[in-house]
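So the chains spell out like this:
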Amino acid sequence: MYDNVTASDVANEISMMRSAFKGTYIVVEGVTDSRLYGKFTEKDDVKIIIAHSKDNVRRSVVECRNNRRDMKTIGIIDPDLDRLRGKEHLPPIFATDKRDLESMIMCTRALDDILAEYADPEQLEEFEKAQGPVRDAVAKAAAPLGMLMYISQTEGLGLYFKDLEYRTFISKRSLGNDYNRMINEVLALSRSPRIGRKELYAKLCHVMEELEDPWLAVRGHDAVAILAIGLDEIFGSYNSRGIKDGQLGGSLRLAFSYDDFADTELYRDTSDWSRKTENPLWLSR
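Nothing here was measured: the structure is a model prediction, and the numbers come from that model. What you see as residue numbers is a count from 1 along each chain, following the sequence as written. Residues qualify for local features only when their pLDDT is at least 70, as the model is predicted, and side-chain atom pairs are given and counted only at 80 or more; totals for whole chains, interfaces and linings, by contrast, use all residues. Excluded from the side-chain calculations are hydrogens and water; all other atoms, namely the structure's heavy atoms, are used.

**Some thoughts on the overall build of the protein chain**
Stated formally: Only runs of H or I of at least four residues qualify as helices and only runs of E of at least two qualify as strands under DSSP, and these elements are numbered from the N terminus. The reference for a compact globule is 2.2 Å times residues^0.38; the radius of gyration itself is calculated from the C-alpha atoms. Burial here depends on accessible area, computed with a 1.4 Å probe over protein chains only, as a share of the maximum for the residue type. Under 20% is buried, over 50% is exposed, and the range in between is partly exposed. Any two residues whose heavy atoms approach within 4.5 Å at even a single point are treated as in contact. For accessible areas, the Shrake-Rupley method is used with a probe of radius 1.4 Å. Any residue's cover is judged against the shown protein chains and nothing else. Here the positive residues are Lys and Arg and the negative ones are Asp and Glu; neither His nor the chain ends is included. Where a charge lies is defined by one atom per residue type: Lys uses NZ, Arg uses CZ, Asp uses CG and Glu uses CD.
Of the regular secondary structure elements, the protein chain holds 13 helices and four strands. Its C-alpha atoms give the protein chain a radius of gyration of 20 Å, near enough to 19 Å, the size a compact globule of 285 residues would have. Structurally, the protein chain occupies a C-alpha span of about 60 × 45 × 35 Å along its principal axes. For the protein chain, with 285 residues in total, the buried portion stands at 51%. Restricting to contacts in the protein chain with at least 6 residues of sequence separation, those with at least 24 account for 67%. Surface summary for the protein chain: the accessible area is close to 14200 Å², and the carbon and sulfur share equals 45%. If the 40 positive side-chain charges of the protein chain are averaged to one point and the 48 negative ones to another, these points end up 4 Å apart.

Printed below as a string of C-alpha cells:
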C-alpha cells in the first residue's frame, strides 16, 4: 500500500492541514522514526508526517518550500551510504549522525544502558579485555557488510542483503567477521551475482583499508543482530538468552533518552534551525 505513496501525496497532506495547524512539520521515513522523534517534540507545536521513503521525504519537503512557500516543514532522513559517496544534506533536510537511526542510537549511552540491563558484568569485562569495547567490536563486525552494500551499489552488482544468517560468519566467541563466509552468504542469497568471490573479497579488503569511521558503513539492523549474538552467546546475563533482533532494537529505542538525543549532531543542527527560524521543534530542556 505504501509503495504507491508519492512525495506529492505527502506535500498535499501537509498543505491540507496548514489551515488548522501553523506549527512545524517534521517529515520522516517510517513509523519507527515517527515514534522515536515524537518522544522529544513539543506536541502542541510540532506534527510528524510519515513519508514512507527517504526519497519521498526529500522531494516532499522541497515541494513544500519551493512550490507552496511552506518554510515550516523540515525532513529527517537516514543518510545510508551518502556520506561515503561524499554527499551531504543541507537544511531543511537533516540526517542522522551515523548511517541510520539505529546506528546513531548505538553510539550513545543508550547502548551502555542496554548492556547494564542485559549483560553479565564478569563475562562482559572478560570479553572487553580480549576484544575491546562492545561498541567497537560490533562496528568492526558490521562495517564490512555495509561496505559490501557500498560496493554492490556503486558497481551495480545487484547483491542481496536480506534474510542474512549472521551466525554463519560472525564468531560466537569474539564477534569477529569472517569475510569469506560473509561473502559466500551474500552470494548464495543473490540471484546471478555479477562478480566472483575472490574478486569481491579483494574489493572489500581495499575499501575497508580506506574506511576511517566504521560507523559510516554500519547498518543499524546488522549492528543490532550482531549485538544480539553477543548477548546470547558470549556476555549476556540470564535475561538475554535467546533475545531476538526486534526485541533488542525496541529496547535500544526505549533506552534512547532526551539527554542522549541532545548529544547528537542531529539535535544540534535542527535546534540551530529552530532558533534561527523561530519555529518550535524540540521539548525545552
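Past the structure itself, the notes keep going.
**Regarding the pattern of salt bridges**
Pairing of side chains with opposite charge becomes possible as their charged atoms draw close. Heads up, the rule is: Put simply, a salt bridge is a Lys or Arg side-chain nitrogen that is within 4 Å of an Asp or Glu carboxyl oxygen.
Per the stated rule, a full pass over the model turns up 20 salt bridges. Salt-bridge contacts for Asp-178 lead to Arg-181; the nearest nitrogen and oxygen are separated by 3.8 Å. Owing to a relative accessible area of 32%, Asp-178 belongs among the partly exposed residues under this scheme. Here the salt bridges do not stand alone but share partners, grouping Lys-54, Asp-80, Asp-82 and Arg-85 into one network.

**Structural notes on helix α6 (residues 121-131)**
Three or four residues apart is the spacing at which side chains of an α-helix point the same way, because the helix has 3.6 residues per turn. Stated precisely, the cut-off is as follows: In protein, a polar contact requires one atom able to donate a hydrogen and another able to accept it; more generally it is a pair of N or O atoms within 3.5 Å, and residues adjacent in sequence count only if both atoms are side-chain atoms.
Capping the start of α6, Asp-120 holds a side-chain oxygen 3.2 Å from the backbone nitrogen of Glu-122, two or three residues further along. A positive backbone phi angle near 90° is found at Gly-132, which sits one or two residues after α6.

**A few points about the packing of aromatic side chains**
Short version of the rule: Aromatic pairing here means that ring centres of Phe, Tyr or Trp (its six-membered ring) are within 6.5 Å. Orientation follows from the plane angle: under 30 degrees is stacked, over 60 is edge-to-face, and everything else is tilted. Over a ring means this: the NZ of a Lys or the CZ of an Arg is within 6 Å of the ring centre and within 35 degrees of the ring normal.
Going through the model one piece at a time under the given rule, you end up with 13 aromatic pairs. Between Phe-256 and Phe-261, the aromatic rings sit 6.2 Å apart at their centres with planes inclined by 65°, giving edge-to-face as the arrangement. Neither Phe-256 nor Phe-261 differs from the other in exposure class; each is buried. Here the aromatic cluster, defined as three or more aromatic residues joined through ring pairs, consists of Tyr-37, Phe-40, Phe-256, Tyr-258, Phe-261, Tyr-267 and Trp-282. The ring centre of Phe-21 lies 4.9 Å from the NZ or CZ of Lys-47, which sits over that ring.

**What to know about the pairing of strand β1 (residues 24-28)**
Our working rule: Here, strands pair whenever DSSP counts at least two bridges between them. Seen with its strands pointing away from the viewer, a crossover is right-handed if its path from the first strand over the helix to the second goes clockwise.
Within β1, five of the five residues are buried, which leaves the element mostly enclosed by the surrounding structure. Burial along β1 is two-sided: the face carrying Thr-24, Ile-26 and Val-28 and the face carrying Tyr-25 and Val-27 are both buried. Pairing between β1 and strand β2 (residues 46-50): five bridges, direction parallel. Bridge pairing in β2 links Val-27 to Ile-49. Following the backbone out of β1, through helix α2 (residues 31-38) and into the adjacent parallel β2, one traces a crossover that is right-handed. As judged from the three bridges shared by β1 and strand β3 (residues 73-77), these two strands associate in the parallel manner. Looking at the pairing, Val-27 lines up with Gly-75 of β3.

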